[in-house]
Amino acid sequence: MIRIVTLNEFPPEVVEHVARRLHAAYGMGAEIEGEADLPRSALDDSQESYDAPKLVANIDDDTQLFADDKIIYLTSEPLTAPAGPMGHGPVDGFAQYGGGKALATSHGLGQKGQPSIEAGLAKRAAHHIGHLWDLHHCFDVRCAMHPGWSPGFAQYPEVVLCLFCREKSERKIKLGQG
Ligand SMILES: [Zn+2]
Ligand SMILES: [Zn+2]
């Protein structure tokens, strides 16, 4: 089961759209679980954006995770990640690779050259949930596992997994349920 928890207010139709797309992409139930508070302790040095890994680690919610459950947090806040080899750029989400919790933001969506909030958020959520099943970045520009910072993201706003990523996720999901 994929459990969706919102950290900011979203129109219900946006969250429902995300749930439908996640269900279609991974063939498993996607449930809208409820809301949780943004952990202020995860604000980064600028105090204007959230440190994405810290946010996921510090979140305080009472969602019960069962063995094969995955949780996706949705926010509209700008996110950052600790500086890496690629610098300190904006990030569209975060996932505990191979773990249980992921995060996606709608920040920047709906602006010129970007997909709508509902389409873009669904795709970002599908991408970061994919990392929870150990899916890596994919070269197929239409695939949801293609990096969100590449032009393919806006060019193909539909949530689609390429055959390779779909099969890999199906294997992982089956293992998790077995
Ligand atoms: Zn990624
Ligand atoms: Zn792929």
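A. Region of the structure containing the overall build of the chain. Helix and strand content of the chain: five helices and eight strands. Taking the principal axes of its C-alpha atoms as reference, the chain extends roughly 40 × 35 × 35 Å. Look at the contacts in the chain between residues 6 or more apart in sequence, and 65% of them connect residues 24 or more apart. By element, 52% of the accessible surface of the chain is carried by carbon and sulfur atoms, the whole surface being about 9,200 Å². In the chain, which carries 16 positive and 24 negative side-chain charges, the distance between the mean positions of the two groups comes to 9 Å.

B. A look at the coordination of the zinc ion (ligand 1). Within the protein, the zinc ion (ligand 1) binds to H127 (NE2), H131 (NE2) and H137 (NE2); these donor distances fall in the range 2.0 to 2.1 Å. Donor residues binding the zinc ion (ligand 1) come from one chain and are separated in sequence as H-x3-H-x5-H. Here the residue H127 occupies a position in helix α3 (residues 117-132), and H137 occupies one in the loop between α3 and α4 (152-155), the gap between them amounting to ten residues. Residue H137 is classed as partly exposed on the basis of its relative accessible area, which comes to 43%.

C. Looking closely at the packing of helix α1 (residues 12-26) against α3. It is at 9 Å that the axes of α1 and α3 come closest, and there the two elements cross at 45°. One element, α1, and the other, α3, form an angle in the oblique class. Our pair here, α1 against α3, has a crossing hand that is right-handed. Residues E13, V14, H17, V18, R21, L22 and Y26 of α1 form the contact with α3, whose participating residues are I117, E118, A119, L121, A122, A125, A126, I129 and G130. Residue composition of the contact of α1 with α3, grouped by class: eleven nonpolar, two polar and three charged.

D. How the structure looks around the pattern of salt bridges. Taken as a whole, this structure holds seven salt bridges when the rule is applied. With a shortest N-O distance of 3.9 Å, D92 and R124 are connected by a salt bridge. Highlighted residues: D92 in the loop between β6 (90-91) and β7 (93-95) and R124 in helix α3, separated in sequence by 32 residues. Of the two residues, D92 and R124, both sit in the buried class. Across the pair E170 and R166 runs a salt bridge whose closest N-O atoms are separated by 4.0 Å. Placement of both E170 and R166 in helix α5 (residues 163-177) is noted, with a separation of four residues, approximately one turn of the helix. On the basis of relative accessible area, E170 is assigned to the partly exposed category, the value being 40%. Several salt bridges share partner residues, and in doing so they unite R3, E31, E33 and D69 into one network.

Here is what the cut-offs are and how they apply
- Residues numbered from 1 in each chain as written.
- Chains lettered and ligands numbered in written order.
- Predicted model: local features only at pLDDT ≥ 70, side-chain atom pairs only at ≥ 80, totals over all residues.
- Heavy atoms only, no water.
- Helix = DSSP H or I, 4+ residues; strand = E, 2+ residues; numbered from the N terminus.
- Contact = heavy atoms within 4.5 Å.
- Areas by Shrake-Rupley, 256 points an atom, 1.4 Å probe, with all protein chains shown as cover.
- Lys, Arg positive; Asp, Glu negative; His and termini not counted.
- Charge placed at Lys NZ, Arg CZ, Asp CG, Glu CD.
- Donors = N, O, S within 2.8 Å, 3.2 Å for Na, K, Ca; no water.
- Buried < 20%, exposed > 50% of the residue type's maximum accessible area, 1.4 Å probe, protein only.
- Axes fitted to C-alpha atoms, helices over the stretch in contact; angles between N-to-C directions.
- Parallel < 35°, antiparallel > 145°, perpendicular 65-115°, else oblique.
- Left-handed = near helix turned anticlockwise from the far one by under 90°.
- Nonpolar A, V, L, I, M, F, W, Y, C, P; charged D, E, K, R; others polar.
- Salt bridge = Lys/Arg side-chain N within 4 Å of Asp/Glu carboxyl O.

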